[in-house]
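# Overview (structure and organization)
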Amino acid sequence: NAGVTQTPKFRVLKTGQSMTLLCAQDMNHEYMYWYRQDPGMGLRLIHYSVGEGTTAKGEVPDGYNVSRLKKQNFLLGLESAAPSQTSVYFCASETGTGANEQFFGPGTRLTVL
Amino acid sequence: RKEVEQDPGPFNVPEGATVAFNCTYSNSASQSFFWYRQDCRKEPKLLMSVYSSGNEDGRFTAQLNRASQYISLLIRDSKLSDSATYLCAVRTGPGGFKTIFGAGTRLFVKA
């Protein structure tokens, strides 16, 4: 099992450009999350999904959109990138029952110039 | 006030030392508690869940104090390989889907 994978690993964007980050998990998990991690801020929840076809806003959703068309995939979109979105983005998944342990992907390092 | 707060450190300790981290949370309805470990430029990985009665896993002991709303992590006999950032995480349930993470405590173990 690959666990949670993220593509791309690195990306540099110019202000105003758009992009989509892909998260995939092969553990049949119900819940999936997108976080951003900035120095001194810890992990902040952007959006999350508790099942295929459902999404919800987290703590810092502005400037991002998400979709969960398939259970195994959770996409994070930036419609018009801004320098404030420079960050490391982590995707995580969770079974949705019991333990609540989250499994994280390796992260995407995004720089917006 | 942040929902989950940790001392950012860094904690610099020699090999073999015992070190303890605390993490406070503001939501008294929180029900699940965790410690994650994050190595430099890597993703967080679960170190251990924290149970009401406290729990131990080898050199690591986690405890929960609901009255004072904090969790703790004790590392005994520190190893060089314990150098990492330790994140506490708190989840409110039942039905809560959000896990709130602290900003992390940086630990350096030196020879």
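This text gives an overview of the structure that appears in the document. (Residues numbered from 1 in each chain as written. Chains lettered and ligands numbered in written order. Predicted model: local features only at pLDDT ≥ 70, side-chain atom pairs only at ≥ 80, totals over all residues. Heavy atoms only, no water.)

## Section: the sheet that holds strand β3 (residues 19–25) of chain A
Backbone-to-backbone hydrogen bonds pair the strands of a sheet. The strands run either parallel or antiparallel. Residue and element names in this part refer to chain A. Here is the rule: Here, a strand pair is defined by DSSP locating no fewer than two bridges between the strands. A run of H or I in DSSP counts as a helix once it spans at least four residues, and a run of E counts as a strand once it spans at least two, with each numbered from the N terminus. Only the stretch in contact is used when a helix axis is fitted, and all axes are lines through C-alpha atoms; the angle between N-to-C directions ranges over 0 to 180 degrees.
If you walk across this open sheet you meet the four strands as β1-β3-β8-β7, and the pairing is antiparallel. Either end of the sheet is taken by a strand with one partner, and the two such strands are β1 (4–7) and β7 (64–67). For this sheet, the mean inter-axis angle between neighbouring strands, taken without regard to orientation, is 20°. Sheet topology places β1 next to β3; four bridges connect them, and they run antiparallel. By the bridge assignment, V4 is partnered in β3 with Q25.

## Some remarks on the pattern of salt bridges
Residue and element names in this part refer to chain A. Applied cut-off: Any Lys or Arg side-chain nitrogen found within 4 Å of a carboxyl oxygen on Asp or Glu counts as a salt bridge. Only protein chains enter the calculation, and the probe is 1.4 Å; a residue is then buried if its accessible area is under 20% of its type maximum, exposed if over 50%, and partly exposed in between.
If you walk through the whole model with that rule in mind, you get eight salt bridges over all chains. The partner of R36 in a salt bridge is D38, with the nearest N and O atoms 2.9 Å apart. Between D38 and R44 there is a salt bridge; the shortest N-O distance is 2.9 Å. When its relative accessible area of 17% is taken as the criterion, R44 is described as buried.

## Concerning the sheet that holds strand β6 (residues 55–57) of chain B
Residues and elements named next belong to chain B. Reading across the sheet, the five strands line up as β1-β3-β8-β7-β6 and stay open at both edges, with antiparallel pairing between neighbours. Among the strands making up the open sheet, the edge pair consists of β1 (4–6) and β6. Along the sheet, successive strands turn relative to each other by an average axial angle of 20°, direction set aside. As judged from the three bridges shared by β1 and strand β3 (residues 19–25), these two strands associate in the antiparallel manner. Its bridge partner lying in β3, E5 is registered against T24.

## Quick look at the interface of chain B and chain A
Applied cut-off: Contacts are assigned to residue pairs with any non-hydrogen atoms lying within 4.5 Å of each other. Two parts placed together each lose some accessible area; with a 1.4 Å probe, that loss summed over both constitutes the buried area. Any N or O atom pair separated by 3.5 Å or less is treated as a polar contact, with the protein-specific requirement of one donor-capable and one acceptor-capable atom, and with residues adjacent in sequence counted only for side-chain atom pairs.
On the chain A side, the residues contacting the 18 residues of chain B number 22 residues. When chain B packs against chain A, the two sides together hide about 1700 Å² of surface, and 53% of this comes from carbon and sulfur. For the pair chain B and chain A, the number of links is one salt bridge. Close ionic contact of R91(B) with E94(A) constitutes a salt bridge, the shortest N to O distance being 2.7 Å. Between chain B and chain A we count five residue pairs in polar contact (both at pLDDT 80 or more) in total.

Keep in mind these values describe shape, not function.
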